[in-house]
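Summary of structural features
What follows is the residue order along each chain.
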Amino acid sequence: RRIKTFAQIDSMTMIVITGHSLSIPPGLNNLFSVLDFPYPNKSEINGTVKSLLNAVGKESSKFEKSLMKQFKENENEIIGSVNGLTLTEAQKALSKSVVVHRGFDTNAILGEKKQYIRQRGTLEFYEPDLTMDDVGGLANMRSWLERRKAVFDPKARDFGLPALKGTLICGIPGGGKSLTAKAIASFYGIPLLKLDFGTLFRSHIGESEEMARD
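On a predicted model such as this, the values are computed, not experimentally measured, just so you know.

On to unusual backbone geometry, then. Residues other than glycine predominantly adopt negative phi, and peptide bonds predominantly adopt the trans conformation. Here the phi dihedral of Arg-102 falls at roughly 55°; this positive angle occurs in a residue that is not glycine. Looking at the secondary structure, you find Arg-102 in the loop between α5 (87–101) and α6 (106–120). Judged by its relative accessible area of 53%, Arg-102 is exposed. At Leu-138, a residue that is not glycine, the phi angle is positive and equals roughly 50°.

Structural data, given as structure tokens:
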């Protein structure tokens, strides 16, 4: 009732409500303009790393220089390991790696990402434990995947080559579809996440859409 009253005031004043999910009570939909903020980009993650390095530098300038050198040598790999996390989550993952492993350990950072994904409950995280050598046959597909691997290189992205959007694998049960998906993730050096569409469906109106957006 109070929000409706404020909305009728003729002024330039606005009420800003922030949150990690969208849940507008019935009857107030027409009062809101919804803005979706993307996940942090490369420059924002860089800023988080610099803040972390500054905090470390107050305790040990030698350790700060060591971390800075490691970050410069593996910048794309480290930033890639926290892609898809919020700035707060990325900062926690990076800080824990620095404290526990005395450096930017991408495996440890991915382990933190795995925990965040499990907590959200809509995706499953698979460890890259297979290689393309485990895939029998499918010679044409393997050749195509090998040619497309170059687009994951940062130099290719800077040049303007489009990233690989996806691959559709269809066939009879037992044909190696899931195995191939796991091998591709390992071959490209990227995490494999599984989405079970059954986890998206909810009984109440709007909940399924919200799960899909998440």
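Considering the arrangement of structural elements, one finds Thr-180 in helix α9 (residues 177–188). In this structure the side chain of Thr-180 is engaged in a polar contact, spanning 2.6 Å, whose partner is the backbone oxygen of Gly-176. Those residues in contact with Thr-180, other than ones at most four positions away along the chain, are Val-135, Leu-138, Met-141 and Ile-169.

Looking at the chain, the pLDDT average stands at 84 and 100% of residues meet or exceed 70. Mean pLDDT across the elements of the chain ranges from a minimum in helix α10 (residues 207–213), with 77, to a maximum in α5, with 89.

What follows covers the packing of helix α7 (residues 139–148) against α9. Close contact between α7 and α9 brings their axes to 11 Å; oriented N to C, the two are set at 25°. With respect to α9, the axis of α7 lies roughly parallel. Read as a crossing pair, α7 and α9 show a hand that is right-handed. When α7 is examined against α9, the residues Met-141, Leu-145, Glu-146 and Arg-148 are found in contact with a partner set consisting of Thr-180, Ile-184, Phe-187 and Tyr-188.

Rules behind the numbers
Residues numbered from 1 in each chain as written. Predicted model: local features only at pLDDT ≥ 70, side-chain atom pairs only at ≥ 80, totals over all residues. Heavy atoms only, no water. Helix = DSSP H or I, 4+ residues; strand = E, 2+ residues; numbered from the N terminus. Buried < 20%, exposed > 50% of the residue type's maximum accessible area, 1.4 Å probe, protein only. Polar contact = N/O pair within 3.5 Å; in protein donor to acceptor, adjacent residues only side chain to side chain. Contact = heavy atoms within 4.5 Å. pLDDT = per-residue confidence, 0-100. Axes fitted to C-alpha atoms, helices over the stretch in contact; angles between N-to-C directions. Parallel < 35°, antiparallel > 145°, perpendicular 65-115°, else oblique. Left-handed = near helix turned anticlockwise from the far one by under 90°.

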